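# Chains, contacts and geometry: an overview
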Amino acid sequence: MSEYLTNKFDSFNNQNVLIIGDVMIDAYLWGNVERISPEAPVPILNIKKRESRLGGAANVALNIKSLGANPILCSVIGKDQHQQLFIDLLKESNLTDIGIISSEERITSVKTRLIGHHQHLFRIDDEDDSPINDKISSELKERILGLIKSMNISVIIFEDYDKGVIKQDLIESIVSVANEKKIPVVVDPKKRNFLAYKNVQLFKPNVKELKEGLKVEFDHYNHSSLIDAANKLKSTLNADMVMITLSEQGILLLNNEQAKISPAHIRSISDVSGAGDTVISVAALGLAAGMTPIEFSELANLAGGLVCEKVGVVPIDKNELLNEAILLENH
């Protein structure tokens, strides 16, 4: 089995992965808190370090890159003071900006986290989450269709953060072309477009998104209720598979053959930020590499747990994941 896993991990290196979604800059202010402000009952953070990282769909691109594949990120950023920082961060990570459109109609999303003594104190969001206008959306669609035509794309990921880059007609056009060309489409959804992702191969909400998207309430600790809801979602979207992330419970994978819950692995959790990005990245590459649904869902489950041990939003380490997967197989 270890040889099989090693071969699958090696095959990731041959994959071009198109990632469509909302990108952002994750900014961090690290420091110490030693006193309360005299102006208001709030802690004073004495800044020791500043850091900016790629976030949102760009963090999925980082995960895809760290797993050895070639990510092509497609999104819209602002023509503003953060535009160049975003492009510089792409270059630092050896990511192409071929699918990035800059627009004066948008601002570049920045989420600033204030962290004192490794505790997340506060977050400031600077963003515009209104839908992009039709002109920019059309430009983005043409750019994506051009990339699909000119490159050998292994899998397409929609990484939707509800920030306005992904619109229904964009989804329909890209999914239609992908299905024509037999390119699998994998979706990490949010609320706004939840039911627009029809006819995709893999749809991956978390439990909260599942309940909100279907407008249903159920006890997700009750496995039969959870599976009923997953089946309803699968038939509503006509999806080949749905994968529901269950936080500390693990992951449910449902396809036509079976429903299987992979329990979460016991971890020392430091930070759950970005775990969903890692899960969708591993699942997408596993699907494109020809792994079975159970194999890639269990691998994605393992990867999501591993990144939760790190502070902040960080991509998965390919070798660490492979070693852990082989270790589990041998137990």
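Before going into details, it helps to say that this report is about the structure given with it. These figures come from a predicted structure and were not determined experimentally.

Running from N to C, helix α2 (residues 57–66) and helix α8 (residues 275–288) cross one another at 50 degrees; their axes reach a closest spacing of 9 Å. Taken together, the axes of α2 and α8 lie oblique to each other. When the axes of α2 and α8 are compared, the crossing they make is right-handed. Counting all contacts with α2, which are made through Asn59, Val60, Asn63 and Ile64, the residues of α8 involved are Asp277, Thr278, Ile280, Ser281 and Leu285. In terms of residue class, the contact of α2 with α8 is made up of four nonpolar, four polar and one charged.

Here the focus is a nonpolar patch on the surface. A surface patch of nonpolar side chains, about 280 Å² in accessible area, is lined by Leu121, Phe122 and Ile124. The partly exposed category is assigned to leucine 121, whose relative accessible area is 37%.

Under the defined criterion, the tally for this structure stands at 14 salt bridges. A salt bridge links aspartate 128 to arginine 106, with the nearest nitrogen and oxygen atoms 3.8 Å apart. Note that aspartate 128 is positioned in the loop between β7 (119–126) and α4 (134–150) and arginine 106 in the loop between β5 (99–103) and β6 (110–116), a separation of 22 residues in sequence. Take arginine 106: its relative accessible area is 7%, and that puts it in the buried class. Across the salt bridge formed by aspartate 188 and lysine 204, the nearest N and O atoms sit 3.3 Å from each other. Placement of the pair is aspartate 188 in strand β9 (residues 185–188) and lysine 204 in the loop between β10 (202–203) and α6 (207–214), with a sequence separation of 16 residues. Like lysine 204, aspartate 188 is buried.

Next up on the list: the sheet that holds β9. The nine strands are arranged β5-β4-β1-β8-β9-β10-β11-β12-β13 in an open sheet whose pairing can be described as mixed. Each having just a single partner strand, β5 and β13 (259–262) make up the two edges of the open sheet. Examined bridge by bridge, strand β8 (residues 153–159) and β9 share four bridges and lie parallel to one another. In the strand pairing of β9, glutamate 159 is matched with aspartate 188.

Attention now goes to helix α1 (residues 2–11). Of the positions making up α1, those classed as buried are Leu5, Lys8 and Phe9. For α1, the arc enclosing every buried residue in end-on projection is 100 degrees, short of the 170-degree limit, so these residues lie on one face.

Here is what the cut-offs are and how they apply
- Residues numbered from 1 in each chain as written.
- Predicted model: local features only at pLDDT ≥ 70, side-chain atom pairs only at ≥ 80, totals over all residues.
- Heavy atoms only, no water.
- Axes fitted to C-alpha atoms, helices over the stretch in contact; angles between N-to-C directions.
- Helix = DSSP H or I, 4+ residues; strand = E, 2+ residues; numbered from the N terminus.
- Parallel < 35°, antiparallel > 145°, perpendicular 65-115°, else oblique.
- Left-handed = near helix turned anticlockwise from the far one by under 90°.
- Contact = heavy atoms within 4.5 Å.
- Nonpolar A, V, L, I, M, F, W, Y, C, P; charged D, E, K, R; others polar.
- Patch = residues over 30% accessible without salt bridge, like charges linked within 9 Å, V, L, I, M, F, W, Y side chains within 5 Å.
- Areas by Shrake-Rupley, 256 points an atom, 1.4 Å probe, with all protein chains shown as cover.
- Salt bridge = Lys/Arg side-chain N within 4 Å of Asp/Glu carboxyl O.
- Buried < 20%, exposed > 50% of the residue type's maximum accessible area, 1.4 Å probe, protein only.
- Pairing = 2+ DSSP bridges.
- Arc of directions from axis to C-beta.

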